[in-house]
Amino acid sequence: MFDIRYRKGLPDELRRMQDHVQTIAAEAGLDFFPVVFEMVEPEEMSMLAAYGGFPTRYPHWRFGMEFEQLQKSYVYGLSKIYEMVINTDPCYAYLMNCNAAVDQKLVMAHVYGHCDFFKNNMWFGHTNRRMLDVMANHATRIRRIIDKFGTERVEQFIDCCLSVENLIDVHGAAIQRQTDDEDPIRAALRAQQQDGAAPELPSANHFKADVDRSYLDEYVNPPDEVMARRERALQESLQPKRHPSHPERDVLGFILANAPLHGWQADILAIIREEALYFAPQGQTKIMNEGWATFWHTKLMTEKLASADEIVDYADHHSGTVAQSPYRLNPYKLGVELFRDLEARWDTGRHGREYEDCDDMARRRDWFVDERGGLQKVFEVRRIYNDLQFVDAFLTEDFCRENGFFAYGYDTKNKQYVIESTQFAEVKSKLLDQLTNFGQPIIDVVDANFENRGELLLAHSHTGSDLKVDWAETTLANLTKLWKRPVALETRLDGKPVRLRHDGKELVRNTIGET
């Protein structure tokens, strides 16, 4: 581990290069936080990547494992990390000292695109821009816990927390959700019950509309309806309440608030959850973020920055960035092509009802209305969309056809991947499924006292893909360590509703409805 605050700045040549790139980027319309570049060795870049860009993070074997994988991949020539930038104010970015000058220029242009996205995309609006210091504080707290309770015990608990760090509400940090507890009538009745007092019927005035004309009272507030509502409110207040009253998406937050954790365990779980929420917008905008940075480094390099003797090297290295593998999606490629398509469509008027309703393919191909609104549109999209919305709104049938998109799957009979469909609706649906909740299962807490036994009941929102039972078993086992009681999960497997229940020792699978 090392501390970037005490590292040397850029050499004079690269400092002048940064000033030039920054000026060109600002003139192009990019708006970014101040950027601090640091030069690092290849080994240090692998270390930074393992730590998620934050060299001050808490110690854990997972980061060492990821470092070994990244470093060996670099040494064997399988991959190379050209840059890394983190969402802070100022933005810290890292350059490898072995990169050629044209690569450093390209990377700087790419970084300014990322920094503009971090600052202006609404999904990053709630993130902590001082996360570098927060991470250092987290590391200090965890080291103190390790000193007190021992490395092995603490690491085992961190392992447990990290295995379920995806069970968060990715929108929770930006949304204040309401509950039934805010109903003043029912809250007052429940308070009377908790104090041991007999619940009293609330006054009819609680249910009356706020009108001054008394002659309308019998029409606005019919006595029979008022009394019926009073009785219903009383009866509902006397019924045992399910906790939570509504499905709770933030499983980690619910466990943190309700599980019988020791103080040091709650502290670690809170740290894991806070860091997971910080990184969530990056998972929600991977395609857009990388596409936006690639869109701008391409525009700046080809129009302003690259000299004649650098353009071939730039094109060679850029082509490697956007190369499309036949087996997995390249977010750089998809993102930049969607932004380019977006700019071209809004420059030439190929959008709107008239264009969409045109069935003449020759006319659609030659369609041109001189709108010149492309650049304004891409800035607007950059501000308010995430990946799911971006693909849903702007991935068109024409785009899929021109770029040769298809959906593929694994053929268990022939033991190879095959093309399943080239139909636009199926291709888009499969891509959207991969982007929904980062392609991970959507899990909610539905009952913290299932069958009145203190067990935690979760529900899986089945969207067409069954859970991997072995993964579910491991996840439920770790949740039992946090909840300290059995944990059950309701889902669908092979078309049947089932309940998976783990008591900390073994998984039991039952079909719901069977005795």
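In this text, all values refer to a predicted model and were calculated from it rather than measured experimentally. (Residues numbered from 1 in each chain as written. Predicted model: local features only at pLDDT ≥ 70, side-chain atom pairs only at ≥ 80, totals over all residues. Heavy atoms only, no water.)

Another point: the packing of aromatic side chains. Applying the stated criterion to the full structure yields 25 aromatic pairs. Considering the side-chain rings of Trp296 and Phe379, the 5.6 Å spacing of their centres and the 45° angle between planes classify their relative orientation as tilted. Of this pair, Trp296 sits in helix α12 (residues 286–305) while Phe379 sits in helix α17 (residues 374–384), placing them 83 residues apart in sequence. In this structure, Trp296 and Phe379 share a single accessibility class: buried. Directly above the ring of Trp471 sits Lys468, whose terminal nitrogen or CZ lies 4.4 Å from the centroid. (Phe/Tyr/Trp six-rings, centres within 6.5 Å; stacked < 30°, edge-to-face > 60°. Helix = DSSP H or I, 4+ residues; strand = E, 2+ residues; numbered from the N terminus. Buried < 20%, exposed > 50% of the residue type's maximum accessible area, 1.4 Å probe, protein only. Lys NZ or Arg CZ within 6 Å of the ring centre and 35° of its normal.)

Okay, the environment of Thr396 next. By the element assignment, Thr396 lies in the loop between α18 (387–394) and α19 (397–403). Between the C-alpha atoms of Thr396 and Lys428, which are 32 residues apart in sequence, the distance is 8.7 Å. A polar side-chain atom of Thr396 sits 3.1 Å from the main-chain amide nitrogen of Phe399. (Polar contact = N/O pair within 3.5 Å; in protein donor to acceptor, adjacent residues only side chain to side chain.)

Glancing now at the sheet that holds strand β2 (residues 83–85). Across the sheet, three strands lie side by side as β1-β3-β2; this open sheet has mixed pairing. Single-partner strands in this sheet number two, and they are β1 (35–40) and β2. Neighbour-to-neighbour, the strand axes of the sheet open up by a mean angle of 20°, direction not taken into account. Judged from the six bridges that link them, β1 and strand β3 (residues 91–96) form a sheet pairing that is parallel. The residue bridging Val40 from the neighbouring strand is Met96, located in β3. Sitting on the sheet, helix α4 (residues 101–120) is in contact with β1, β2 and β3, with an inclination near 20° to β2. (Pairing = 2+ DSSP bridges. Axes fitted to C-alpha atoms, helices over the stretch in contact; angles between N-to-C directions. Contact = heavy atoms within 4.5 Å.)

Attention shifts here to the pattern of salt bridges. The tally for this structure, following the rule as stated, stands at 24 salt bridges. Ionic pairing is found between Lys428 and Asp392, a salt bridge with its closest N-O pair at 3.9 Å. Separated by 36 residues along the polypeptide, Lys428 in helix α20 (residues 424–435) and Asp392 in helix α18 bring together distant segments of the chain. Taking relative accessible area as the criterion, Lys428 reaches 14% and is therefore assigned buried. For Glu397, the salt bridge identified is with Arg401, shortest N-O distance 3.7 Å. (Salt bridge = Lys/Arg side-chain N within 4 Å of Asp/Glu carboxyl O.)

Reported here for the second largest pocket is a volume of approximately 1100 Å³. Along the walls of the second largest pocket sit 30 residues, with Gly439, Gln440, Pro441, Leu467 and Trp471 positioned nearest its centre. Looking at which element gives the most residues to the lining of the second largest pocket, the answer is helix α21 (residues 469–483), with seven residues. (1 Å grid on protein atoms, 1.4 Å probe; cavity = no way out; pocket = protein on both sides within 12 Å on 5 of 7 lines; lining within 4 Å. Points joined across faces, edges and corners; volume = space filled by probe spheres on them.)

So, on to the side chain of His502. Looking at the element boundaries, His502 is found in strand β9 (residues 496–502). Side-chain polar atoms of His502 contact the backbone nitrogen of Gly504, separated by 2.9 Å.

Once that is clear, we can look at a negative patch on the surface. A surface patch of negative charge is lined by Glu356, Asp357, Asp359 and Asp360. Following the sequence through the fold, Asp360 ends up in the loop between α15 (353–356) and α16 (361–365). (Patch = residues over 30% accessible without salt bridge, like charges linked within 9 Å, V, L, I, M, F, W, Y side chains within 5 Å. Areas by Shrake-Rupley, 256 points an atom, 1.4 Å probe, with all protein chains shown as cover. Lys, Arg positive; Asp, Glu negative; His and termini not counted. Charge placed at Lys NZ, Arg CZ, Asp CG, Glu CD.)

Counting across every chain of the model gives two cavities of 30 Å³ or more. Here the largest cavity defines a volume of roughly 60 Å³. Taken together, Pro42, Met45, Ser46, Leu70, Tyr74, Ser79, Lys80, Ile81 and Met96 form the lining of the largest cavity. Contributing elements (two or more residues each) for the lining of the largest cavity: α2 (42–50) and α3 (61–75).

Right, let's get into helix α5 (residues 131–149). Between its first and last C-alpha, α5 extends 26 Å over 19 residues, near the 27 Å set by a 1.5 Å rise per residue. Those residues of α5 lying buried are Met131, Leu132, Val134, Met135, His138, Ala139, Ile142, Ile145 and Ile146. Viewed end-on, α5 has its buried residues packed into an arc of 155°, placing them on one side of the element. Looking at α5, the residues exposed on the side facing more than 90 degrees away from the buried face are Arg144, Asp147 and Lys148. The elements touched by buried residues of α5 are β3, α6 (151–162) and α11 (263–284). Immediately downstream of α5, the backbone of Gly150 shows phi near 100°, a positive value. (Expected span 1.5 Å × (residues − 1). Arc of directions from axis to C-beta.)

Nothing here speaks to function; it is geometry throughout.
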